[in-house]
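Given next are the chains, with one letter for each unit.
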Amino acid sequence: MSTALQDRAALGPTSLTARRLPKWAPAAVAAVAIALGCAIGAGFGITSKLQWGLMAVILFVVGQYVLSTAVEGRRWAKDRLATSLVWSAFILAVIPLFGLIYYTIAQGIGYLNIDFLTHSMKGVLATDTNGGLYHALIGTLEQVGLATLMAAPVGIFTAIYLVEYQGGRLARAVTFFVDVMSGVPSIVAGLFVLSFWIILLGFSFSGFAGSIALAILMLPVVVRSTEEMLKLVPSSLREASLALGVPKWLTILRVVLPTALGGITTGLMLAVARITGETAPILLLVFGADAINANPFSGPQSSLPLFVYQQYALGTNASQSRAWAGALVLIAFVMILNLAARLIARWKAPKAGR
């Protein structure tokens, strides 16, 4: 018997003769599992809906495997078990995300309006129902913008050096320090800038000081993401350009970077999103302010994460409502950044030839 026939025999009955579960079977098993999970939770007096959901997931996986074993055989049952585990893991990962977004929207949407977005907290008491985050929004835009201007060029050029020039011992040292910087806590970056920039050099608290710490946190993410994207560019594109007599620097500029631009942009936006929510460096270096300060190089500023922290810490109903509304604006800000990254990546991606 040939190898193909042996493989076919190992698969068991053909699809025309083997018994298979109908397409609606997984949905039916899921519905029964949810009903049983809710019934068990209510019957045993379990108050946590999360535990109800976990029981339903376990019942779904077990029920899918048992039913498939009885109808389709053990081989197809193992396949469905793996598929059920993948779907269950996906659902368990998505539920906290949607729960977080839903709860933030429910808590903050009632306080979010035009006045909240266009006014500061200057002269507003903790118990007052007015006030807004305009000063914090301006501070976040300026601090993140300055950090991006500092970290993005350095990170991209460093990744180009590591991938395209492969500098031997120096490249290994740079890679090691990038790995070390990836694990540096944000508070350590803030303390370093506080010691060097403010205490040693004598500069004052400002948005720019916070931007330096944010750039330190952003740099390893930019380097790593850009490095991985450059490695995905086929070597044949580089070789074809070099074979035509194009210099290496021009090959990188006109061939390598445009090909990897989509991934580089996405990685850059992920780095921006990573630093947008940092609070510890801003608390140490920017110092916080209730009034609008549009100059990031002079005087204290605020930021969205610092605004959320300070308002929630005040403990009044009005301040905590402002904190939830600020958190909702922060989430929307990060989502807009990711959407912009995808649009830019699609716009700048090299067009496939016909």
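What you are looking at is a predicted structure, and each value in this text was computed from that prediction instead of being measured.

**Q** Would you mind going over the overall build of the protein chain with me for this structure?
**A** When helices and strands are counted, the protein chain shows 14 helices and 0 strands. Beginning at the N terminus, the succession of helices and strands in the protein chain can be written as α-α-α-α-α-α-α-α-α-α-α-α-α-α. In terms of overall size, the protein chain is more extended than a compact globule, its C-alpha atoms giving a radius of gyration of 27 Å where 354 residues would be expected to give roughly 20 Å. Considering the protein chain as a whole, with its 354 residues, one finds that 37% of them fall into the buried category. A sequence separation of at least 24 residues applies to 71% of the contacts in the protein chain between residues at least 6 apart. About 20500 Å² of surface is accessible on the protein chain, with carbon and sulfur atoms providing 70% of the total. Averaging the coordinates of the 24 positive side-chain charges in the protein chain and doing the same for the 13 negative ones gives two points 11 Å apart.

**Q** Teacher, can you tell me more about the pattern of salt bridges here?
**A** It is possible for side chains of opposite charge to pair when their charged atoms get near one another. The final tally for this structure, using the stated rule, is 7 salt bridges. Note that Glu 164 and Arg 238 form a salt bridge whose closest N and O atoms lie 2.8 Å from each other. Placement of the pair is Glu 164 in helix 6 (residues 134–165) and Arg 238 in helix 10 (residues 235–243), with a sequence separation of 74 residues. Pair check on accessibility: Glu 164 and Arg 238 agree, each one buried.

**Q** Can you walk me through empty space enclosed by the protein in this structure?
**A** Where empty space is left in the structure can be found by rolling a water-sized probe over the atoms. Applying the stated rule across the entire model yields 1 cavity of 30 Å³ or more. Taken as a whole, the largest cavity spans an internal volume of roughly 30 Å³. Forming the boundary of the largest cavity are Thr 140, Gln 143, Val 144, Leu 214, Ile 275, Thr 276, Glu 278, Ile 282, Ser 303 and Pro 305. Elements represented by at least two residues in the lining of the largest cavity include exactly helix 6 and helix 11 (248–276). With 3 residues, the single largest contributor to the lining of the largest cavity is helix 6.

**Q** Can you walk me through helix 13 (residues 304–314) in this structure?
**A** Each α-helix turn comprises 3.6 residues. Residues three or four places apart therefore point the same way. Taken together, the buried positions of helix 13 are occupied by Leu 304, Pro 305, Leu 306, Phe 307, Val 308 and Gln 311. Directly beyond the C-terminal end of helix 13, a positive phi value near 90° is found at Gly 315.

**Q** What is the right way to read the environment of Ala 260 from this model?
**A** You can see Ala 260 is positioned in helix 11. With relative accessibility at 5%, the residue Ala 260 sits in the buried group. A sequence separation of 78 residues divides Ala 260 from Asn 338, and the C-alpha atoms of the two residues are 17 Å apart.

**Q** Whenever I open this one, the nonpolar core confuses me. Can you help?
**A** Note on soluble globular proteins: their nonpolar side chains tend to be buried together. By size, the foremost hydrophobic cluster in this structure holds 21 residues, and its most contacted members are Met 218, Leu 268, Met 269, Val 272 and Ile 275. Elements represented by at least two residues in this core include exactly helix 6, helix 9 (207–231), helix 11 and helix 14 (317–348). Residues contacting Ile 275, with those up to four places away along its chain left out, are Val 144, Ala 147, Leu 214, Leu 217 and Met 218. Among the nonpolar cores identified, the runner-up in size contains 15 residues, and Phe 116, Met 121, Leu 304 and Ala 327 belong to it.

**Q** Sorry if this is basic, but what is going on with the packing of helix 8 (residues 186–200) against helix 9 here?
**A** Helices that pack against each other are described as a pair by the angle of their axes relative to one another and the distance between those axes. Between helix 8 and helix 9, the least distance of the axes is 9 Å, while the angle of their chain directions is 135°. Here helix 9 runs oblique to helix 8, going by the angle between their axes. With respect to the hand of their crossing, helix 8 and helix 9 are arranged in right-handed fashion. In contact with Ser 186, Ala 189, Gly 190, Phe 192, Val 193, Trp 197 and Ile 198 of helix 8, helix 9 contributes Phe 208, Ala 209, Ile 212, Ala 213, Ile 216 and Leu 217. For the contact of helix 8 with helix 9, a count of residues per class yields 11 nonpolar, 2 polar and no charged.

**Q** Help me understand the packing of helix 3 (residues 49–71) against helix 4 (residues 74–108) in this model?
**A** It is the contact of helix 3 with helix 4, at a shortest axis distance of 8 Å, that shows an interaxial angle of 165°. In terms of orientation, helix 3 lies roughly antiparallel with respect to helix 4. Remark: the crossing between helix 3 and helix 4 carries right-handed chirality. Where helix 3 approaches helix 4, its residues Leu 54, Val 57, Phe 60, Val 61, Gln 64, Tyr 65, Ser 68 and Thr 69 are matched on the opposing element by Arg 74, Trp 76, Ala 77, Lys 78, Arg 80, Leu 81, Ser 84, Leu 85, Ser 88 and Leu 92. Grouping the amino acids of the contact of helix 3 with helix 4 by side-chain chemistry returns 10 nonpolar, 5 polar and 3 charged.

Conventions and cut-offs
- Residues numbered from 1 in each chain as written.
- Predicted model: local features only at pLDDT ≥ 70, side-chain atom pairs only at ≥ 80, totals over all residues.
- Heavy atoms only, no water.
- Helix = DSSP H or I, 4+ residues; strand = E, 2+ residues; numbered from the N terminus.
- Rg over C-alpha atoms; globule rule 2.2 N^0.38 Å.
- Buried < 20%, exposed > 50% of the residue type's maximum accessible area, 1.4 Å probe, protein only.
- Contact = heavy atoms within 4.5 Å.
- Areas by Shrake-Rupley, 256 points an atom, 1.4 Å probe, with all protein chains shown as cover.
- Lys, Arg positive; Asp, Glu negative; His and termini not counted.
- Charge placed at Lys NZ, Arg CZ, Asp CG, Glu CD.
- Salt bridge = Lys/Arg side-chain N within 4 Å of Asp/Glu carboxyl O.
- 1 Å grid on protein atoms, 1.4 Å probe; cavity = no way out; pocket = protein on both sides within 12 Å on 5 of 7 lines; lining within 4 Å.
- Points joined across faces, edges and corners; volume = space filled by probe spheres on them.
- Core = buried A, V, L, I, M, F, W, Y, C linked by side-chain atoms within 4.5 Å.
- Axes fitted to C-alpha atoms, helices over the stretch in contact; angles between N-to-C directions.
- Parallel < 35°, antiparallel > 145°, perpendicular 65-115°, else oblique.
- Left-handed = near helix turned anticlockwise from the far one by under 90°.
- Nonpolar A, V, L, I, M, F, W, Y, C, P; charged D, E, K, R; others polar.

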